[in-house]
Every structure is written in C-alpha cells, then in structure tokens.
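If you want the building blocks of each chain, they are given just below.
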Amino acid sequence: MLTIKDLKASVEEKQILNGLNFEVKPGEVHAIMGPNGSGKSTLASVLAGREEYEVTEGEVMFNGEDLLEMSPEDRARAGVFLAFQYPVEIPGVSNANFLKTAVNEVRKSKGLEALDSKQFLKIMQEKMKLVEMDKAMTQRSVNEGFSGGEKKRNEIFQMAMLEPSLAILDETDSGLDIDALRIVANGVNALRDGQRSFIVITHYQRLLDYIVPDFVHVLYKGRIVKSGTKDLALELEEKGYDWIKEEVDATLNA
Amino acid sequence: MSTLQETKITILNSAVFENWVNASPRVDVFATITKDAAQAFLLQGIPTTKHEEWKYTNVTRLAQTAFQVSKSNATLTTSGVTNEKVTADAILIVIENGIINKAASNIDALPQGIQIGSIHDLKDNTAIQKHFLQHADYKSEPFVALNTATFLDAVCILADANVEFNTPIHLMIVNTSNEANVYIPVRVFVAAEKNASIHVVETFSSKGNNTTAFVNAVSEVVVADNAKVNYVKLQGESENTTHINYHRVAMARDSYQHLTTLSLGGGLIRNNLNIRLGDINGTAYLNGLTLARNTQLVDHHTVVDHAMPHCYSNELYKNLIDDKAQGVFNGKIFVRKDAQKTNAFQSNKNLLLSNDATMNAKPQLEIFADDVKCSHGATTGQLDDEALFYLRARGIGEEAARALLNHAFAADVLEGIAHEGIKKNMLDFVNHKLN
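Computed from a predicted model, the values in this text were never measured in an experiment. (Residues numbered from 1 in each chain as written. Chains lettered and ligands numbered in written order. Predicted model: local features only at pLDDT ≥ 70, side-chain atom pairs only at ≥ 80, totals over all residues. Heavy atoms only, no water.)

Chemist: Summarise the side chain of T172(A); cite the residues concerned and give the values.
Modeler: Residue and element names in this part refer to chain A. With respect to the secondary-structure elements, T172 resides in the loop between β9 (166-170) and α7 (178-190). Using a relative accessible area of 3% as the deciding quantity, one classes T172 as buried. With residues near it in sequence (within four places) discarded, T172 still touches A83, K152, I156, V184 and I201. (Helix = DSSP H or I, 4+ residues; strand = E, 2+ residues; numbered from the N terminus. Buried < 20%, exposed > 50% of the residue type's maximum accessible area, 1.4 Å probe, protein only. Contact = heavy atoms within 4.5 Å.)

Chemist: Which residues make up the packing of helix α4 (residues 117-130) of chain A against helix α6 (residues 148-162) of chain A, and what values do they have?
Modeler: The geometry of a pair of packed helices is captured by two quantities: the angle between their axes and the separation between those axes. Residue and element names in this part refer to chain A. Two elements in contact, α4 and α6, have axes separated by 9 Å at closest approach and are oriented at 135 degrees. The orientation of α4 relative to α6 falls into the category oblique. Once α4 is placed against α6, the crossing between them reads as right-handed. Seen from α4, the contacting residues are F120, I123, M124, K127, M128 and L130; seen from α6, they are F157, A160 and M161. Residues of the contact of α4 with α6, tallied by class, amount to eight nonpolar, no polar and one charged. (Axes fitted to C-alpha atoms, helices over the stretch in contact; angles between N-to-C directions. Parallel < 35°, antiparallel > 145°, perpendicular 65-115°, else oblique. Left-handed = near helix turned anticlockwise from the far one by under 90°. Nonpolar A, V, L, I, M, F, W, Y, C, P; charged D, E, K, R; others polar.)

Chemist: Can you tell me about helix α10 (residues 242-253) of chain A, naming the residues and giving the values?
Modeler: All names here are of chain A. In this model, α10 (12 residues) spans 16 Å end to end at C-alpha, consistent with the 16 Å of a helix rising 1.5 Å per residue. Of the positions making up α10, those classed as buried are W243, I244 and V248. One side of α10 carries all its buried residues, which in axial view fall inside an arc of 130 degrees. With respect to the buried face of α10, the exposed residues turned more than 90 degrees away are E246 and N253. On its buried side, α10 packs onto β11 (215-220), β12 (223-228) and α9 (230-239). (Expected span 1.5 Å × (residues − 1). Arc of directions from axis to C-beta.)

Chemist: Now, about the interface of chain B and chain A: what can you tell me, with residues and values included?
Modeler: Taken together, the contact between chain B and chain A spans 17 residues of the former and 30 residues of the latter. Carbon and sulfur atoms make up 64% of the area that chain B and chain A hide from each other, which totals about 1900 Å². Considering only the side of chain B, the residues that lose the most area to chain A are F389(B), Y390(B) and R394(B), jointly responsible for 40% of the buried surface there. At the boundary of chain B and chain A, one finds four salt bridges. Among the ionic pairs, R392(B) bridges to E51(A), the shortest N-O distance being 3.4 Å. Joining chain B to chain A, the criterion identifies 11 residue pairs in polar contact (both at pLDDT 80 or more). Among the elements of the structure, α9 (385-392) and α10 (398-415) of chain B are those that each provide at least two residues to the side of chain B that touches chain A. The element contributing the most residues to the side of chain B that touches chain A is α9(B), with six residues. The class makeup of the residues in the side of chain B that touches chain A is 10 nonpolar, two polar and five charged. (Buried area = accessible area lost by both parts, 1.4 Å probe. Salt bridge = Lys/Arg side-chain N within 4 Å of Asp/Glu carboxyl O. Polar contact = N/O pair within 3.5 Å; in protein donor to acceptor, adjacent residues only side chain to side chain.)

Chemist: Mind laying out the packing of aromatic side chains, listing which residues take part and the relevant values?
Modeler: For the structure on display, the rule yields 14 aromatic pairs over all chains. Ring centres 5.6 Å apart and planes at 55 degrees place the aromatic pair Y285(B) and Y312(B) in the tilted group. On the criterion of sequence distance, the pair formed by Y285(B) in strand β14 (residues 283-292) and Y312(B) in strand β16 (residues 312-321) is long-range, its members being 27 residues apart. A relative accessible area of 24% places Y285(B) in the partly exposed class. When the ring centre of W243(A) is taken as origin, the NZ or CZ atom of K239(A), which lies over that ring, is 4.4 Å away. Between K318(B) and the ring centre of F409(B), over which it is positioned, the NZ or CZ distance is 4.7 Å. (Phe/Tyr/Trp six-rings, centres within 6.5 Å; stacked < 30°, edge-to-face > 60°. Lys NZ or Arg CZ within 6 Å of the ring centre and 35° of its normal.)

Laid out in structure tokens, this is it:
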C-alpha cells in the first residue's frame, strides 16, 4: 500500500529525514516511536503534503502512485488521512459544514454522488457514537474552544467520516488523560477492519496498550534504526532510548 | 473642520455645476436649504488628499470630469426587476438614474400606517416638513452639500407610530444610463415614528453599458422614541462607478437602529456613516463588510456620536482585500461629556488576500465622560495557512478551502441582519462574490 524508499527531507534548510525506508501493507498497524527531534512529525507532514517540507531525495509510492507528486487534497481524496498533532481552530466554519464539504469532495473524486443533508446527517450520527461526540460539537466551529481531548476526538471522528485507507496518527495521544485516550483508541480500533492501515506516531508506549500494533519502529536521526513487535515498545518504555542511540551512534562513528 | 478652507476649490467646472443645480426640480418649500447647500458646496469644493478625512481616498478625478445628469429615459419594468427583489414579498421602490420609476415599483397598495413615495408628493407631511434635509450636514460634508443642491428626486419612507412592519422595503437604486460620465444623485428619507419598526434595504447596481458614473447618495434616517429601524445597504455597482454615500441616523430615546453595509462592487466607494445617539438609552449596531478586488477602493468612515447617557453602540467591520484593491476604515466614536454610562464597542478586522492589497485602519475614540465602557480593536492579517492546509488535508481543494475561510471570516457581519429573508438574500450576494 505504502512504500517509502530512501526518503530524505528538510525543513528550513535543515535535513530531518536521512534516507528512511518503510513499508505498510493493507490492514497493518505500524507504530513509530523515537526520541524528540528524531523526525516523527516530519514524516507525518511529508506524507500529508505540507509545503514547508522539502523532499530532497527518495520516493513514496501509495497504491502504485507517486504520493509526493500529489497535492494535499489529492492525497486525502486518494485515501490518506493525517490526524493532526495540533488540530487547527477555524472560527466561523461549523464542524458539520466542514465535514460535509470534505466528504462530498472525496466522494466526487471517486465519481460518487454528493450526499444530501439527510444522508449526511444519518452517517454523521452513526460515526459520532464511535468517539462519544455530542451533537453540540458538530454545530460548533471547527475545533474552536475545544479542549485538547475534544480536538483529538474530532480528528478521529473526521477519520471515521472520511474512511481513508491509510491513517497517520501524529501523537494523537499526547496530552490526553486516560479517559480521553480510551475514547480515542476505541474509535481507532473500531475502524480497524483488516484492510485499513495505520501509522501510529507516538511518544508514549501507553497508547499501544490500547491500539495494539503489528510492528513497532524506532526513528532516530531521520531513519528507522530498529523494528520489532509490540514488545519493542515495552522495552523502550523500560529502558528509554539511550541504548538505541548508543548502538546507532557507535555504528555511525565506526 | 478648519481644513476645508485650505482644500477648496478644485471644483468641477462651475458651469456644469450650475446646470446640475438648475436641472434639479426644486421642491419650493425646501428651496432655501437647497440654495444654501449649493453655496456650501461651492465653498468646500471637492476635497483633495490633503484633507485629513480624505487622505487615502483620492476623489479629485471627480473635479476633472465633466459629469452630467443622465438624460436616459426610464427603462425598467415591474416584470424586469421582480426577480431581483430582496424577498418575494418585498415592497419595491425602483430609483432609476436618481428618479423614482413608479411604473416599476409596487407602492400603490401600502398597508395602513406606511407611506412611501417621492418628496414631490409627500412634501406636506409633518415629519418631512420637520426633518427632511435637516440631519445630513451639508456645511461640513461637501458631497452632502452637492447632493442637497442637486438631487432630482427623493424617496420618502414614513412609518406611523406603533406600526410594526416586517415586510422588507426595498429601494432598488439602479443606474441604467448608457451615457458616459453620468452624475446620479440619490436621496432617501426614512422616518420611523414612536414605537414603529421597519426593515429597509438599499441595493445599488448598474445595468448600463460601460458607463462611467458618479453616484452621490445621501440617506437621512430619523428614529423616534422606542422605534426600531433595521437597515441594509448593498453596494454592487460596476467597477467604473464612483460611489459616495452618506448615511445619517438621528436617534431619539430608547430607539434602536441596526445598519449593515455590504460593499461588494463599484470602483471607488466612500461610505460616511454618522449615527447620533441624541437621547438616552439608544442602541446602535453598525456592521460592515467589504469584498474588494482588482483595483477597487472601498473606504468606510464611521462616526458614532454618544451625546446622552445609557446608550449602547457596537460596530463590527470586516474587509477582505484582494489583488491590488485598497481598503480604508476610519471609525470615530465620540462620547460627550453628558454621555455617562455609555457602552461603545468597535471591532475592525481585515484580511489581505494578496501581496498588493492594502488596508489603512484608524480607530478613533474621543471620550469626554468618565463613567463609560469603551473598547476598540483593529487587526489586519493574511489567510491562516495552517487552516488552509487543514482543510486541504481533508480533501477540500485549495480554491474551495480559500472560499470557505473567506466566507467564515465574513459570516458574522451578516449574522446581525434581523430579517431572515433579507439575510439569506445578502448571503447569496456575498457567497457569489466569494466563490
């Protein structure tokens, strides 16, 4: 589904990704962990198509298409979804109106008819349950005045509405208390259907107790330096990143 | 206004002016005032950019162009304009090239307590005798002087005491002339008597071919004790139109006025608003929205004058400026010595949509009372890139995303329009311009 080869990317002339290789197959859940500044969020931003990030080398293929050549909206229409680390507040645009526009743009790109208000409302009501959203939240402006937990729930709600084939969760768990984390994780798990893939970027092993990954990767200095199963996450939780840093730095200096 | 003397007189060819004055069909009872106004205009002339109030808005071109009153015949018919009414049930008054077109209007069967007509027919009315031409200050406003000296016709709307009229009264002000350099004076008079309530809409448009036009409009609105006037002004003329608008509201005790100005078209628009809270417990809302592009210039000068205690005013102006367009906002609030317990708020937010767009904003508070609550804020910025990316990352195309954000920025200006039908119609105009 997603193949990343030798990806190098920089922001403001500073190289962050240094030849990243990575593959995601349909239905897989990959967790990406790593110390601060290792390039986790850069990876998410590059995949979503943020213009400030410059890809200098490498390729990203998504279902046989060159993802890097696509605009952010075309990536979304093709089935890539980024749950933002910092969801943006958009005063004056209601959540429902925003989502209806988005859902219908995605449908249009697939040659499907636009949903009318009634159809849309019905689907919205179903999906709201997944993340325990109340109706008032859909009437409010996008993320405006939302708590941290509400913003992240709103991200997962949007994901449920847009039904992407690849979802990238960028530190969706950061700043959440355990109740909010559980709600978000339940939402994500409900959307695991054996076909949809996830890249779960996180700073904390705790999330992976709730969203159990198939693979765990450690990102350091812009490369994946270690991969394993969920046990690797437990090991990182216990021992921190220093042992991996030492291993990598020793190899680099050798 | 001492600067006036210094800025005179780059006046239009005075022979042309004489023609205008002579062309104006005088209403005898007001001849003293109109003659006085003519003198006041000759004294003031067309202001230059040296005049503080006209610093960013250069209208000297008006003095160099030989404008003339349109000689075109009225062409609009009822069936031709009916689908342009603000609501299907609106009372329509068509003002074509400055003169009421009675045939195209539907003011024959008005409800009890509402009178609408030309000054020529209503000149003996008591409210008109008392207020007409009395409120718009021609001594210090050159374009008011020009209008007062040269108006060809005036629309008068009178609501009797205790009449609550919820049907929109739509003044469709159209330039249909096919001549070049047309001067169109427009004069409106509105009086809501005690406890009356009305909804008035002015729409300005041009239908003529490539006509360079100078529209000079003055509206006087008198709101009596406990009366309520909801007003919307939509400016959507062609880009070769210069539109100078002066809107004066005189408010009595416990009265309410809500004015929304939507400046969507025109080449150069200058709006002068003057709201006088002349007695206790008045409430005034002033909302304004500019959508300017190409080389348009839209200038809003507002004055809210708190003369008496316990009044409330709230002003919200938003300007979206694109391409090489220019926006100007100058908002003055006066709180006079007697106006204790005043609440006066002003907010001006501007969005520059291109690198060549400019905005000049100047809030001015002059407070002479000591027990008041006043605030003002002005911000000018660009479209939020993060928000734009967020929308695109959800599959919304860049253009649609920009339109959505622009719409969101503009939306709350229209929220205050009380009449749902009028609001919907105005939203359609705004959406059309934004998309």
